[in-house]
Amino acid sequence: MTVQFRALAEQAQADGVITAEEVLALRRSGWGDGRIDMVEADALFVLNDHLVQRTPEWVDFFVEAIGEFVISGGSPRGFVSEAQADWLLSRLQRDGKVESMAELELLGRIFEKCQLLPERLRAYALAQIEQAVMTGEGPTRDGGRLDGACITSAECRLLRRFIFSFAGDGSGGVSQAEAEMLFRIKDATLGGANAIEWEALFVQGVANYLTACNTFQQVSAERAQQLEAFMNDNTPRIGGFMTRAAQSLADGSVLKVRSFGRKGVSEAQHDARVAAANRVTAAEDAWLQAKIDGDGQLDPLERALLRFLAEEERRA
């Protein structure tokens, strides 16, 4: 940590205020080379805790700097390790909950940019939004409390980023756990002053779990390191690469490929697998029926979901 960075951080921490000019100075002194080290990352979290008001300039810098620290610290880049998750969670849950929108925006950026995250980090992020909705308190409420359970635009935006991110539980699709969370929020906020975006998010999220092709398999960190080493090879043999690519894709990946010899996956095979994955299975149908029958009534959001599913079935 440079002397200037330390002095700026300590001054802003003491004042509880950071100006746009001070943020710019922090960028230049601490992130001039585009890298933040562990000591600087810890200092930024401490500073964020002490700020009375977090300006847009500060939030942008905090999210970019800490996000890059986490994303680039993986091996390979974008693969967050258990140790990194431990460090991040220890900074976020000092008193059991996220304290600022800057931290929630940070989680959103990490979710969107990373390829693999430990499950507990994803679960923690979603729990923060659900807790805010259920209690009416938290950073998404601007420090205030709204009477009656409801979901805000900020919460809808963050939920969408979390559950549809590549690093989410469903690897780009919505998982059963996430769909069940959407139902819990729906039940708790029925009749509330909900954001206009909520109905679309609920319908699209649950429908994605029921009908989306979620057969994509996340690549392990070890496999990604092998691929990264291969791509960094200055003399790759294209023929060998195509053969290995075909072998990797023969496991039923959702990526479309034309047949590479006998081990390739044809477009017809791919399309058949996608069509099968897009059908609502008997188990999924039973799950949905149980959710709808749970309270003995068919509410407006459930009606909207059923209309959407019926239209998707008609188009298929």
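Parameters and conventions
Residues numbered from 1 in each chain as written. Predicted model: local features only at pLDDT ≥ 70, side-chain atom pairs only at ≥ 80, totals over all residues. Heavy atoms only, no water. Helix = DSSP H or I, 4+ residues; strand = E, 2+ residues; numbered from the N terminus. Buried < 20%, exposed > 50% of the residue type's maximum accessible area, 1.4 Å probe, protein only. Areas by Shrake-Rupley, 256 points an atom, 1.4 Å probe, with all protein chains shown as cover. Phe/Tyr/Trp six-rings, centres within 6.5 Å; stacked < 30°, edge-to-face > 60°. Expected span 1.5 Å × (residues − 1). Arc of directions from axis to C-beta. pLDDT = per-residue confidence, 0-100. Contact = heavy atoms within 4.5 Å. Axes fitted to C-alpha atoms, helices over the stretch in contact; angles between N-to-C directions. Parallel < 35°, antiparallel > 145°, perpendicular 65-115°, else oblique. Left-handed = near helix turned anticlockwise from the far one by under 90°. Nonpolar A, V, L, I, M, F, W, Y, C, P; charged D, E, K, R; others polar.

Okay, the overall build of the protein next. In terms of regular secondary structure, the protein is built from 15 helices and zero strands. A total of 316 residues make up the protein; the buried ones form 43% of that total. By element, 52% of the accessible surface of the protein is carried by carbon and sulfur atoms, the whole surface being about 16300 Å².

If you walk through the whole model with that rule in mind, you get 10 aromatic pairs. Relative to Phe202, the ring of Phe183 lies with its centre 5.1 Å away and its plane at 80°, an arrangement referred to as edge-to-face. One end of the pair, Phe183, is in helix H9 (residues 176–189); the other, Phe202, is in helix H10 (residues 198–211), with 19 residues separating them in the sequence. Among the residues examined, Phe183 registers a relative accessible area of 2% and is labelled buried. We classify Phe202 as buried; its relative accessible area is 0%. Ring geometry for Tyr209 against Trp287: centres 5.0 Å apart, planes inclined by 75°, an arrangement best described as edge-to-face. You can see Tyr209 sitting in helix H10 and its partner Trp287 sitting in helix H14 (residues 282–293), a full 78 residues away along the chain. With a relative accessible area of 12%, Tyr209 lands in the buried category. One aromatic cluster is present, formed by Phe45, Trp58, Phe61, Phe62, Phe69 and Trp87 through successive ring pairs.

Look at helix H1 (residues 3–15): 18 Å from first C-alpha to last across 13 residues, which is about the 18 Å you get at 1.5 Å a residue. What H1 keeps buried is the set Phe5, Leu8, Ala9 and Ala12. Projected down its long axis, H1 shows its buried positions confined to an angular sector of 95°, all on one face. What points out from H1, more than 90 degrees from its buried face, is the exposed set Val3 and Ala14.

Note that Val52 resides in the loop between helix H3 (38–50) and helix H4 (56–72). Taking relative accessible area as the criterion, Val52 reaches 71% and is therefore assigned exposed. Between the C-alpha atoms of Val52 and Val17, which are 35 residues apart in sequence, the distance is 6.2 Å.

A few words now on the confidence of the model for the protein. Here the protein averages 77 in pLDDT, and 72% of its residues register 70 or above. Of all helices and strands in the protein, the one with the weakest mean pLDDT is helix H12 (residues 238–249) (43), whereas H9 scores best (95). Below a pLDDT of 50 lies the segment residues 235–265, which in the model reaches 36 contacts outside its immediate sequence neighbourhood of four places, other chains included. With pLDDT under 50 throughout, residues 268–277 is counted as low confidence; its partners more than four residues away or in other chains account for 14 contacts.

Below, the discussion takes up the side chain of Glu103. Of note, Glu103 is situated in helix H6 (residues 101–113). Among all residues touching Glu103, those that are not within four sequence positions of it are Phe45, Asn48, Asp49, Phe62, Arg91, Leu92, Arg94 and Val98.

It is worth spelling out the packing of H6 against helix H8 (residues 153–163) at this point. Running from N to C, H6 and H8 cross one another at 30°; their axes reach a closest spacing of 8 Å. With respect to H8, the element H6 is oriented roughly parallel. The chirality of how H6 crosses H8 is left-handed. Between H6 and H8, the residues in contact are Met101, Leu104, Glu105, Leu107, Gly108, Arg109, Phe111 and Glu112 and Arg157, Leu158, Arg161 and Phe162, respectively. Classifying every residue of the contact of H6 with H8 by side-chain character gives six nonpolar, one polar and five charged.

Two elements in contact, helix H5 (residues 82–92) and helix H7 (residues 119–135), have axes whose closest approach is 9 Å; the angle formed by their N-to-C orientations is 25°. When the axis of H5 is compared with that of H7, the two are roughly parallel. Both H5 and H7 take part in a crossing whose hand is left-handed. Facing H5, whose interface residues are Glu82, Ala85, Asp86, Leu88, Leu89 and Leu92, H7 presents Arg120, Leu121 and Tyr124. Residue composition of the contact of H5 with H7, by class: six nonpolar, no polar and three charged.

Turning to H4, a few remarks are in order. The end-to-end C-alpha separation of H4 is 24 Å, in line with the 24 Å expected for 17 residues at 1.5 Å each. Turning to H4, its buried residues number three or more, namely Trp58, Val59, Phe61, Phe62, Val63, Ala65, Ile66, Gly67, Phe69, Val70 and Ile71. Of the surrounding elements, those touching the buried residues of H4 are helix H2 (20–30), H3, H5 and H6.

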